[in-house]
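# Examining the three-dimensional arrangement
Next come the chains, spelled out residue by residue.
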Amino acid sequence: MKIGLVGCGNISSIYLENLTNVFPNTSFYACADLDAEKAKNAAEKYNIPHIMTFEEMLECPDIDVILNLTTPQGHYPLSKQALLKGKHVYVEKPLALTYAQGKELIEIAQSKGLYVGCAPDTFLGAGIQTCSQLIKDGKIGKPIAATAFMMCHGHESWHPDPEFYYDFGGGPLFDMGPYYITALVRLLGRAKSVMAYGAKGFEKRTITSMPKNGQEIEVKVDTHIAGLIRFENGAIATLIMSFDVWKHSMPNIEIYGTTGSLKVPDPNGFGGPVLLATSENTEYSEMPLISPYSENERGIGLSETVHAFEEKRVNNASGALALHVLEIMESIVKSAEQGKEITLESTPSQEVPLDWNVKIGDIKTK
Ligand SMILES: NC(=O)c1ccc[n+]([C@@H]2O[C@H](COP(=O)([O-])OP(=O)(O)OC[C@H]3O[C@@H](n4cnc5c(N)ncnc54)[C@H](O)[C@@H]3O)[C@@H](O)[C@H]2O)c1
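Keep in mind that what you see is a predicted model, and the values were worked out from it rather than measured.

## Points about the state of the cysteines
Summed over all chains, the structure comprises zero disulfides. The thiol sulfur of Cys-60 is not disulfide-bonded, and the nearest other cysteine sulfur, from Cys-31, lies at 12 Å. Given a relative accessible area of 8%, Cys-60 falls into the buried group.

Rendered as structure tokens:
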């Protein structure tokens, strides 16, 4: 499939690298950015044959899929235009700013027989896939509970344009939540309700990265979220997402079952370690990873979506999964505002089992 890339910013380089050099079922046909210099740099570095405007991409018959790597505010409007023009879409997280927008995207895609894929794709990495297999194999018994902690002091110390992290569609929940919540959904299944509290530690943040060092950002979203997610299988996850914490010692994700505990690796990465302790062996032991995808293989979600299109099956990094994650996040915000439990309506797509006994770059169904 030929890709039209829109948004040649910070995250685009790893997609360009991997989809050019690692995954053979895609190639870049054109790239676009509001900043012409960024599009030019990407095209030169990765031999992309065409630099276009986004509007030109939509009219270009040679482009099959739009890879939307713009900031969150651009996810819904650009993806919607692409779908209406008959292009498949793969978009960075979050799928959209609101659940209603996300639902509309999925409905348009379904009505036109198009595919939507959405980041994160890290759950397709060796770490989470190994955890998933261990749970399926009954190694921790029936999952009862989980914890998920992402706490740091925000991204204004390193990102050159960090404003969007404090705008709607940003904040720790919408920025980092997708990694953690997508992993929890893939490990525990559909979520059915949430409850939460939210707080804002700082009304303004000062950028310390270059080139905007010293500039202030107005914080428009809660930057400390404490939530509970109840899953359909009965498990309850405790989730803390924060940009207000300088240091902590909590684990990324842990899953607690009737016969054991699983320490899940950083869901913002692809590798391990995966640690398992059981009622019989209460010390954690490191488990072998079941897949070769343990480095930064961002882009695998798009490659897997293309593979799914070719096999006429549901993709795993699907729009429906991202929509469920978006509903969970939006409902956490609503619950924090309204002080009550929110019941969810969406259902993620069923995960299609993949055979991980492959070489890097290949995708194979079981
Ligand atoms: N930076 C990271 O480490 C990282 C990691 C994972 C995911 N993400 C996600 O990737 C997305 C992009 O993040 P980023 O860090 O690359 O942001 P960025 O600001 O560095 O890049 C976004 C680019 O999109 C362009 N753009 C915005 N609207 C556009 C439009 N209408 N038409 C054409 N170009 C447009 C901007 O000019 C900019 O170059 C975000 O959703 C973010 O959450 C970022």
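## Notes on the sheet that holds strand 1 (residues 2-6)
Here we have six strands laid out as an open sheet, ordered 3-2-1-4-5-6, and parallel in their pairing. Only two strands of the sheet have a single partner each, and these edge strands are strand 3 (50-51) and strand 6 (116-118). Both strand 1 and strand 2 (residues 27-32) contribute to a ladder of five bridges, which runs parallel. Looking at the pairing, Lys-2 lines up with Ser-27 of strand 2. Set on the sheet, helix 2 (residues 36-46) makes contact with strand 2 and strand 3; between it and strand 2 the angle comes to about 160 degrees.

## Some points on helix 4 (residues 75-84)
Buried within helix 4 are the following residues: His-75, Tyr-76, Leu-78, Ser-79, Ala-82 and Leu-83. Each element contacted by the buried residues of helix 4 is listed here: strand 1, helix 3 (54-59), strand 4 (65-68), strand 5 (88-91), helix 5 (99-112) and strand 6. Directly after helix 4, the chain includes Gly-86, whose backbone phi takes a positive value near 85 degrees.

## Some thoughts on the packing of helix 5 against helix 9 (residues 319-338)
Running from amino to carboxyl end, helix 5 crosses helix 9 at an angle of 165 degrees, the nearest separation of the two axes being 9 Å. Comparing the axis directions of helix 5 and helix 9 gives the class roughly antiparallel. The two elements helix 5 and helix 9 meet at a crossing, and its hand is left-handed. Each of Tyr-99, Gly-102, Lys-103 and Ile-106 in helix 5 lies in contact with helix 9, whose residues at this interface are Gly-319, Ala-320, Leu-323, Leu-326, Glu-327 and Glu-330. Residues that form the contact of helix 5 with helix 9 fall into these classes: five nonpolar, two polar and three charged.

## Re the domain arrangement of the protein chain
Domain boundaries in the protein chain define domain 1 (2-121 + 298-343) and domain 2 (131-286). The C-alpha centroid of domain 2 is placed 23 Å from the C-alpha centroid of domain 1. Each partner contributes residues to the interface: domain 1 has 30 residues there, and domain 2 has 32 residues. For the pair domain 1 and domain 2, the two sides together bury roughly 2,700 Å², of which 68% comes from carbon and sulfur.

Cut-off values and rules
- The numbering scheme is per chain: residues are counted from 1 as the chain's sequence reads.
- Residue-level local features of this predicted model are given only where pLDDT is at least 70; pairs of side-chain atoms are given and counted only at 80 or more, and the full residue set underlies all totals for whole chains, interfaces and linings.
- Where side-chain values are given, they derive from all heavy atoms of the structure, hydrogens and water being excluded.
- Only a pair of cysteine sulfur atoms within 2.5 Å qualifies as a disulfide here.
- When a residue's accessible area, from a 1.4 Å probe over protein chains only, is under 20% of the maximum for its type it is buried; when over 50% it is exposed; and in between it is partly exposed.
- A pair of strands is labelled paired if DSSP reports no fewer than 2 bridges between them.
- By the criteria applied, helices consist of DSSP H or I runs no shorter than four residues and strands consist of E runs no shorter than two, each listed in order from the N terminus.
- In this analysis, two residues are considered to be in contact whenever any of their non-hydrogen atoms come within 4.5 Å of each other.
- To define axes, lines are fitted to C-alpha atoms, for helices over the stretch in contact only, and angles between the resulting N-to-C directions are given on a 0 to 180 degree scale.
- Orientation categories follow fixed angle ranges, with anything under 35 degrees roughly parallel, anything over 145 roughly antiparallel, 65 to 115 roughly perpendicular, and all other angles oblique.
- Handedness of each helix crossing follows the sense of rotation of the near helix against the far helix: counterclockwise by less than a right angle gives left-handed, clockwise gives right-handed.
- Residues are grouped as follows: nonpolar covers Ala, Val, Leu, Ile, Met, Phe, Trp, Tyr, Cys and Pro; charged covers Asp, Glu, Lys and Arg; every other residue, Gly included, is treated as polar.
- For every domain, the bounds stem from an assignment made automatically or drawn from a database.
- Using a 1.4 Å probe, buried area is obtained as the accessible area two parts lose upon being combined, added over both of them.

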